[in-house]
Amino acid sequence: MWSSRLFWRLFLTYASLTVVSAVVFVVIFLKWQQEAVAAEVRQRVQDEAKVFLNVADPSWADADAPLEELRSTWQPKLEALGREVGTRLTLVLADGTVLADSAADARRLENHRDRPEIVEAMDVGVGFSTRGSRSVGEPFEYCAVRVGSKEAPRGFVRVALPWTPFAARLQATAQLVWSTAFVVLVCTLGLAYWLAWRLVRPLETLTAAAQAIAGGDFVQKVSVTNRDEIGALAGAFNSMSRELSRRWEQLQASRRERDENSELMETVLGAMREGVVVIDAQQRILYANAAAGPLLDLPTMQALGRSLFEVARHPRVQKVFEDVLAGRVPERVEYEVPRTSAIVALIASPLPGQPPAGAVLVLQNVTELRRLENLRREFVSNVSHELKTPLTTIQAYTETLLDGAIDDATHNREFLKRIEEQAERLHRLILDLLSLARIESAEEAFELLPVSIDDTVRACVEEHQAVASGKGISLVTKPAPDPVMVWADEEGIRTVLDNLVGNAIKYTPSGGRVLVRWHIDGRRAVLEVEDTGIGIPQQHQSRIFERFFRVDKARSRELGGTGLGLSIVKHWTQVFGGSVEVRSELGRGSLFTLRLPVVSRIIGASPHGQE
Ligand code: ADP
């Protein structure tokens, strides 16, 4: 309150107005009072002078009578009369000589010719003067009346009323008026203070509340009890604050919702593998999600604000954009990112508006898709080719037999044997294809169980022993000191081993050796199939796990190979969460190494728990 400028302005304005009016009123009043008293005194002194003139015997103004005689007559008379009426009476001769005086000895009084009342009376008949008496000492109101004409004056009667009682009355009045004015002033100042307070206080409350609202605290309620415009203002303020607070809440809620939505949108767009790019009608990139960066071959942040065609310079992209803006349904286009050679498919949709305000582009990296398509195409052609060869052979032999060779006792059995061989080859091929298809289609669904490497290798070696011996190959094992269990599918691991051991025997010449050994290396079981066979040239070692890849096609076929064995091995080891690799030296032999997750001794441990 004390710091409120409005308060002080109001209060000081009231106060100064009140003080000035009070002072002006008192001064005017006292002035008027003084003038009224002065007029009254004059009137009285004049009346008394006239009475005195009538009462006095005019013989005193006899110019011929001796002065002392006259004086001795009139001096006592005047003294008696003066005492009686309580007024000073003076008789002055025409030349100014004081004849008699009720309050002083006339002989000692100086000539009164130059007294203002005498001078004035000489001129106009009656003269007044207010002054301190040189003879008596106190202030008097004098009134002199001329006796005789102006041209021939005979003398003057003068009456003097003492001012003291009137002055005392005036002073008492002034005191009363001043003290009354003071009391009124104090009350008025108190009232002014209260009025200013009453006006400023609610305004201060409102200001504080408004400042709080400006500072963001919208829940404000001012309690102002005034029943005037300020009260109405406070009421309006309270409802405004309520409304503001309600609107603010709504705004906050909708902003929260929007933030959540945009966060959700950002998360969804960020998690998308497809690139999403929003461009305006001038082709400037307004938004690009994280996946869009690599597809535009540019960090996402750098893409913003740039023109799409700076980023993806391809006439087809330009065409798609033009189609979208023209309202045509754009085709899906594919283009190649120059630096990475990635193939990107682009689909565009217009943004709302007529013409569209821009477009949303969805970019998809289809490089892998295209690669897989190529693989599939290649695979189909390989399969067809692989199937065609034995079928053609079977067909040829069958026709030869039908054409009469069936009766040729020396060749017919041989032809039939060839047919059987090719049928067998077809059978193996189909079995391998089915096996591959099974692994690929059910990669996730295999239930991995602990499988004993010792048992599996033993069974496998037993099965291949006869063939190995037949070829003069020694097939031996070197087990780990302790039994080894791995997480695998029993049939799957058996297939893997069969393929590796079968290949080793197949590609090892007579007199060679095939060794199967295994041990544990940390959390992995390491199973190695080593042979002293023909080996694999260095440049082919990375490709032998591809489907239908064979170093020497004719030889493989001759040996009954399908070209799918190692591919099956690789797929199975992936299913088991393991790996397979080859080390080989041409003419000296090959070493295939399998690494599989080992089953720890803790019961219930899973392969993934062990990783
Ligand atoms: P295939 O049925 O022809 O044996 P695989 O997929 O099992 O097909 O093997 C692919 C190719 O890898 C074989 O054709 C062969 O050239 C080569 N290969 C596989 N194992 C051996 C090995 N132990 N020694 C030499 N070459 C091998």
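**With respect to the overall build of the protein**
1) Next: Across its full length, the protein carries 15 helices and 17 strands.
2) Next: Since a compact globule built from 611 residues should have a radius of gyration of about 25 Å, the 69 Å found for the protein marks it as more spread out than a globular shape.
3) Next: Taken along its principal axes, the extent of the C-alpha atoms in the protein is 220 × 65 × 40 Å.
4) Next: Within the protein, the proportion of its 611 residues that are buried is 40%.
5) Next: Counting only contacts in the protein whose residues sit at least 6 apart along the sequence, the fraction spanning at least 24 positions is 60%.
6) Next: Accessible surface, the protein as shown: approximately 34900 Å² in total, 57% of it carbon and sulfur.
7) Next: When the 71 positive and 78 negative side-chain charges of the protein are each reduced to one mean point, those points stand 3 Å apart.

**Thoughts on the environment of T267**
1) Next: For T267, the position within the fold is in helix α5 (residues 229–271).
2) Next: Expressed as a C-alpha distance, the spacing of T267 and A39, which sit 228 residues apart in the sequence, is 105 Å.

**Describing the site of the ligand**
1) Next: Of all residues adjacent to the ligand, which total 21 residues, the nearest are N503, S556, T562, G563 and L566.
2) Next: Within the side chain of S556, one N or O atom sits 2.6 Å away from an oxygen atom of the ligand.
3) Next: Contact distances for the ligand include 2.8 Å between an oxygen atom and a backbone N or O atom of T562.
4) Next: Coverage of the ligand by the protein chains reaches 98% of its 530 Å² of free accessible surface.
5) Next: Within the residue set of the shell around the ligand, elements represented by two or more residues are α13 (490–506), α15 (565–575) and β17 (589–597).
6) Next: Tallying contributions element by element places α13 first for the shell around the ligand, with three residues.
7) Next: Taken together, the residues of the shell around the ligand sort by class into 10 nonpolar, eight polar and three charged.

**A few points about the domain arrangement of the protein**
1) Next: Parsing the protein into structural domains produces domain 1 (5–169), domain 2 (272–365), domain 3 (370–439) and domain 4 (445–601).
2) Next: Here the C-alpha centre of domain 2 lies 119 Å away from the C-alpha centre of domain 1.

**Brief notes about the packing of aromatic side chains**
1) Next: This model, assessed by the stated rule, comprises 14 aromatic pairs.
2) Next: Taken together, a centroid distance of 5.9 Å and an interplanar angle of 40° make the contact between F140 and Y142 tilted.
3) Next: When its relative accessible area of 1% is taken as the criterion, Y142 is described as buried.
4) Next: With a centroid separation of 5.7 Å and 75° between ring planes, the pair formed by W163 and F166 is classed as edge-to-face.
5) Next: In this structure W163 comes out as buried when scored by relative accessible area, which is 12%.
6) Next: Take F166: its relative accessible area is 7%, and that puts it in the buried class.
7) Next: Grouped by ring-pair contacts, the aromatic residues F7, W8, F11 and Y193 constitute a single cluster.
8) Next: Residue placement shows R131 over the ring face of Y142; its charged tip is 4.2 Å from the ring centre.
9) Next: Positioned above the aromatic ring of F379, the side-chain terminus of R547 is 4.7 Å from the ring centre.

**Topic: helix α9 (residues 315–325)**
1) Next: If you check which residues of α9 are buried, you get V317, V320, F321, D323 and V324. The buried residues of α9 all sit within an arc of 160° when viewed along its axis, so they share a single face.
2) Next: On its buried side, α9 packs onto β6 (275–280), α8 (308–311), β8 (333–336), β9 (343–350) and β10 (358–365).
3) Next: Of the residues trailing α9, G327 is marked for its positive phi of about 85°.

**Overview of the pattern of salt bridges**
1) Next: Per the counting criterion, the structure on display carries 37 salt bridges.
2) Next: With a shortest N-O distance of 2.3 Å, E334 and R370 are connected by a salt bridge. Of this pair, E334 sits in strand β8 while R370 sits in helix α10 (residues 367–402); the two residues are 36 residues apart in sequence, bridging distant segments of the chain.
3) Next: Overlapping salt bridges bring together E68, R71, D105, R107 and R108 as one network.

**Some remarks on the packing of helix α11 (residues 412–441) against α15**
1) Next: α15 packs onto α11 with a crossing angle of 20° between their chain directions and a minimal axis gap of 10 Å. The angle between the axes of α11 and α15 places the two elements in the roughly parallel class. Once α11 is placed against α15, the crossing between them reads as left-handed. Along the contact surface, α11 presents D432, S435, L436, R438, I439 and E440, while α15 presents G565, S567, I568, H571, W572 and V575.
2) Next: When the residues that make up the contact of α11 with α15 are grouped by side-chain class, the tally is five nonpolar, four polar and three charged.

**Looking at the side chain of S567**
1) Next: Structurally, S567 is set in helix α15.
2) Next: Apart from the residues lying within four places of it in its own chain, the contact partners of S567 are L436, F545, E546 and R547.

**Topic: the environment of G512**
1) Next: In this structure, G512 sits in the loop between α13 and β14 (513–521).
2) Next: Here G512 falls in the buried class, since its relative accessible area comes to 12%.
3) Next: The residues touching G512, leaving out its near neighbours within four places in the chain, are G472, I473, S474 and T532.

**Side note on a negative patch on the surface**
1) Next: A contiguous patch of negative charge, built from E257, D259, E260 and E263, is present on the exposed surface.
2) Next: Along the chain, D259 turns up in helix α5.
3) Next: Note on D259: relative accessible area 37%, which makes it partly exposed.

**Examining the sheet that holds strand β12 (residues 474–478)**
1) Next: Strand order in the open sheet formed by five strands is β12-β14-β15-β17-β16, with mixed pairing between adjacent strands. Edge positions in the open sheet fall to β12 and β16 (579–585), since each of these has one partner strand only. When strand polarity is set aside, the average angle formed by the axes of neighbouring strands in this sheet is 15°.
2) Next: In this structure, strand β15 (residues 524–531) lies alongside β17, joined through seven bridges in antiparallel fashion.

**Examining the sheet that holds strand β3 (residues 126–132)**
1) Next: Taken in spatial order, the five strands of this open sheet run β2-β1-β5-β4-β3, and their pairing is antiparallel. The sheet is open, and its two borders are formed by β2 (98–101) and β3, each paired with just one other strand. Going from strand to strand, the sheet's axes swing by 20° on average, the running direction of each strand aside.
2) Next: As defined by bridge partners, strand β1 (residues 88–93) adjoins β2 across three bridges and the pair is classed as antiparallel. The residue bridging V92 from the neighbouring strand is V98, located in β2.
3) Next: Against the sheet, helix α2 (residues 67–85) touches β1 and β2, its axis set at about 35° to β2.

Rules used throughout
- Residues numbered from 1 in each chain as written.
- Predicted model: local features only at pLDDT ≥ 70, side-chain atom pairs only at ≥ 80, totals over all residues.
- Heavy atoms only, no water.
- Helix = DSSP H or I, 4+ residues; strand = E, 2+ residues; numbered from the N terminus.
- Rg over C-alpha atoms; globule rule 2.2 N^0.38 Å.
- Buried < 20%, exposed > 50% of the residue type's maximum accessible area, 1.4 Å probe, protein only.
- Contact = heavy atoms within 4.5 Å.
- Areas by Shrake-Rupley, 256 points an atom, 1.4 Å probe, with all protein chains shown as cover.
- Lys, Arg positive; Asp, Glu negative; His and termini not counted.
- Charge placed at Lys NZ, Arg CZ, Asp CG, Glu CD.
- Near = heavy atom within 4 Å.
- Polar contact = N/O pair within 3.5 Å; in protein donor to acceptor, adjacent residues only side chain to side chain.
- Nonpolar A, V, L, I, M, F, W, Y, C, P; charged D, E, K, R; others polar.
- Domains from an automatic or database assignment.
- Phe/Tyr/Trp six-rings, centres within 6.5 Å; stacked < 30°, edge-to-face > 60°.
- Lys NZ or Arg CZ within 6 Å of the ring centre and 35° of its normal.
- Arc of directions from axis to C-beta.
- Salt bridge = Lys/Arg side-chain N within 4 Å of Asp/Glu carboxyl O.
- Axes fitted to C-alpha atoms, helices over the stretch in contact; angles between N-to-C directions.
- Parallel < 35°, antiparallel > 145°, perpendicular 65-115°, else oblique.
- Left-handed = near helix turned anticlockwise from the far one by under 90°.
- Patch = residues over 30% accessible without salt bridge, like charges linked within 9 Å, V, L, I, M, F, W, Y side chains within 5 Å.
- Pairing = 2+ DSSP bridges.

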